[in-house]
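Examination of the molecular architecture
The lines below spell out each chain.
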Amino acid sequence: MNVRTRILKIAKKKFLKNGFYKVSMDSLVKELRTSKSSLYNHFASKDELVKAVIDQLNIDINSALDEIVNNDKLSFKGKLIEVSEFTKNLLSNVSEEFLKDLEINTPDIWDYYQQTRIERINNYYKKLFVNGVDEGIIRDDININVILTVYMNLMELPLKTQYQEFLGLHNQNIYELTTDIFLNGIIRK
């Protein structure tokens, strides 16, 4: 594994677990058993490293979603279950500190991350929901873009610290609850 890949792997692990604000470049150098100059040869600043971690995270997420959504052996419900499990596991591995650090300390990177999320939802989730319409599981009288917009807005809740604090829940729990309400509604049947 080359040095850049090792740096990204360790930084991603530490940042997602602890947030990046409290993780010093010195602690990364120590864990990598390399020199500070080697680290800075690959990443000119901590912000650049954070952006590279976000890029790697996006690659990982997109790859997993692509595999699930394009799996012809799964029905819509199977794909939905797989996507939900993947997302829940992802949120359980991404600390609230990391999300807070992005939003508060690097607003430009936060905006970039949010934009990539919107692109991902428009790409993979749109395809998934169209599949649900085609299978007759999702109502075909609702504009698919309205479904996506509602979904995108609901998926904001787990990422926003003010909602985590207001609800007193962790991001993966908020995701589970909002997904359930989105799919099943609030009216008793």
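The structure under discussion appears in the preceding block.
Residues numbered from 1 in each chain as written. Predicted model: local features only at pLDDT ≥ 70, side-chain atom pairs only at ≥ 80, totals over all residues. Heavy atoms only, no water.

1. Things to note about a nonpolar patch on the surface
Inclusion rule: Note that patches include only residues with greater than 30% relative accessible area and no salt bridge, and the join distances are 9 Å for like charges and 5 Å for nonpolar side chains (Val, Leu, Ile, Met, Phe, Trp, Tyr). Note that accessible areas follow from Shrake-Rupley with a 1.4 Å probe, and for residues the cover is restricted to the protein chains shown. Each salt bridge in this description consists of a side-chain nitrogen of Lys or Arg and a carboxyl oxygen of Asp or Glu lying within 4 Å of one another. Helix and strand definitions here come from DSSP, where helices need a minimum of 4 consecutive H or I residues and strands a minimum of 2 consecutive E residues; each element is numbered from the N-terminal end. Residue burial is assigned from relative accessible area. The probe radius is 1.4 Å, only protein chains are included, and a residue is buried under 20% of its type maximum, exposed over 50%, and partly exposed in between.
Where nonpolar side chains cluster on the molecular surface, the patch consists of Ile 142, Val 146 and Val 150 and spans about 210 Å² of accessible area. Within the fold, Ile 142 resides in the loop between α7 (107-134) and α8 (144-154). The exposure class assigned to Ile 142 is partly exposed, which follows from its relative accessible area of 30%.

2. Points about the packing of aromatic side chains
Worth spelling out the cut-off: Pairs were defined over the aromatic rings of Phe, Tyr and Trp, the Trp ring being its six-membered one, requiring ring centres within 6.5 Å. Orientation was assigned from the angle between planes: stacked under 30 degrees, edge-to-face over 60, tilted for the rest.
If you walk through the whole model with that rule in mind, you get seven aromatic pairs. Arranged with centres 6.4 Å apart and planes meeting at 45°, the rings of Trp 110 and Tyr 113 form a pair that is tilted. Taken as a pair, Trp 110 and Tyr 113 lie in helix α7 at a separation of three residues, close to a single helical turn. Residue Trp 110 is classed as buried on the basis of its relative accessible area, which comes to 4%. Overall, Tyr 113 belongs to the buried group, its relative accessible area being 8%.

3. A word on the pattern of salt bridges
A complete count under the given rule lists seven salt bridges for this structure. One salt bridge in this structure joins Glu 31 and Lys 14, with 3.2 Å as the shortest N-O distance. Highlighted residues: Glu 31 in helix α2 (residues 25-32) and Lys 14 in helix α1 (residues 3-18), separated in sequence by 17 residues. Judged by its relative accessible area of 33%, Glu 31 is partly exposed. Where Lys 88 meets Glu 176, a salt bridge forms, and the shortest distance between an N and an O atom there is 3.7 Å. A residue pair is termed long-range when its members are at least 10 positions apart, and Lys 88 in helix α5 (residues 76-93) and Glu 176 in helix α10 (residues 171-184) qualify at 88 residues. Of the residues examined, Glu 176 reaches a relative accessible area of 35% and is grouped as partly exposed. Three or more residues are tied together by salt bridges with common partners; here these are Glu 85, Lys 88 and Glu 176.

4. A closer look at unusual backbone geometry
Its identity as a non-glycine residue notwithstanding, Arg 33 has a phi of 55°, on the positive side. Take Arg 33: it is sitting in the loop between α2 and α3 (36-42). Judged by relative accessible area, Arg 33 falls into the exposed class, the value being 77%.

5. So, the nonpolar core
Across soluble globular proteins, nonpolar side chains have a tendency to be buried as a group. Stated formally: Among the buried residues, those of types Ala, Val, Leu, Ile, Met, Phe, Trp, Tyr and Cys that are joined through side-chain atoms within 4.5 Å form a nonpolar core. Contacts were defined at the residue level, with two residues in contact if any of their heavy atoms lie within 4.5 Å.
One finds Phe 15, Leu 28, Leu 49, Phe 98, Leu 102, Tyr 125 and Phe 129 to be the most contacted residues of the largest nonpolar core, which totals 50 residues. Listed by contribution, the elements that provide at least two residues to this core are α1, α2, α4 (46-69), α5, α6 (96-105), α7 and α8. No other element matches the 10 residues that α4 contributes to this core. Apart from residues no more than four positions distant in its own chain, Leu 28 is found in contact with Ile 10, Ala 11, Lys 14, Phe 15, Val 23, Leu 39 and Leu 49.

6. Concerning the side chain of Gln 114
Position of Gln 114 relative to the elements: it lies in helix α7. Not counting residues within four places of it along the chain, the set of residues in contact with Gln 114 comprises Glu 156 and Leu 159.

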